[in-house]
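Here are the chains, one letter per residue:
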Amino acid sequence: MPENERAAATTITPYPDGPLLVRGDFALVTPDGERIDTRRGTVALCRCGRSGLKPFCDGTHKVTGFRAEGNHRPT
Ligand code: FES
């Protein structure tokens, strides 16, 4: 079975011009190993660097005009 068709416990999706959506069974932890409460099975992590709620996306990327592709493929 091709690698991209195997089921994964966790998926991370880079949204075009937006956050990384993390879905599934995961733990979000600080660099010291403390668990960060996500309260949900799906979270949006900021990748624009402008969120006021880091590491979570707060929608600021829309205001700042952040641009990034969603379909990164290895070359
Ligand atoms: S990606 Fe949404 S605020 Fe940074």
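Use the structure listed above.
Residues numbered from 1 in each chain as written. Predicted model: local features only at pLDDT ≥ 70, side-chain atom pairs only at ≥ 80, totals over all residues. Heavy atoms only, no water.

S.K.: Before we move on, could you go through the overall build of the chain and cite the residues and values that matter?
M.R.: If you tally the helices and strands in the chain, you get one helix and three strands. In sequence order, the secondary structure elements of the chain are arranged as β-β-β-α. In the chain, which comprises 75 residues, the share counted as buried stands at 21%. Counting contacts in the chain only where the partners sit at least 6 residues apart, residues at least 24 apart contribute 29% of the total. For the chain, the exposed surface amounts to about 5,900 Å²; the carbon and sulfur share of it is 50%. (Helix = DSSP H or I, 4+ residues; strand = E, 2+ residues; numbered from the N terminus. Buried < 20%, exposed > 50% of the residue type's maximum accessible area, 1.4 Å probe, protein only. Contact = heavy atoms within 4.5 Å. Areas by Shrake-Rupley, 256 points an atom, 1.4 Å probe, with all protein chains shown as cover.)

S.K.: Tell me about the layout of surface pockets, and name the residues and values.
M.R.: Looking at the largest pocket, its volume works out to about 160 Å³. What lines the largest pocket is Asp37, Thr38, Arg39, Arg40, Thr42, Val43, Ala44, Phe56 and Cys57. In terms of residue class, the lining of the largest pocket is made up of four nonpolar, two polar and three charged. (1 Å grid on protein atoms, 1.4 Å probe; cavity = no way out; pocket = protein on both sides within 12 Å on 5 of 7 lines; lining within 4 Å. Points joined across faces, edges and corners; volume = space filled by probe spheres on them. Nonpolar A, V, L, I, M, F, W, Y, C, P; charged D, E, K, R; others polar.)

S.K.: Account for unusual backbone geometry, naming residues and giving values.
M.R.: Residues Lys54 and Pro55 are joined by a peptide bond in cis, for which omega reads 15 degrees. Locating Pro55 in the fold gives a position in the loop between β3 (42-45) and α1 (60-64). At Asp17, a position not held by glycine, the phi torsion is positive, near 60 degrees. Structurally, the position occupied by Asp17 is in the loop between β1 (10-14) and β2 (20-24). Residue Asp17 is classed as partly exposed on the basis of its relative accessible area, which comes to 29%. Although it is not a glycine, Arg39 sits at a positive phi angle of roughly 60 degrees.

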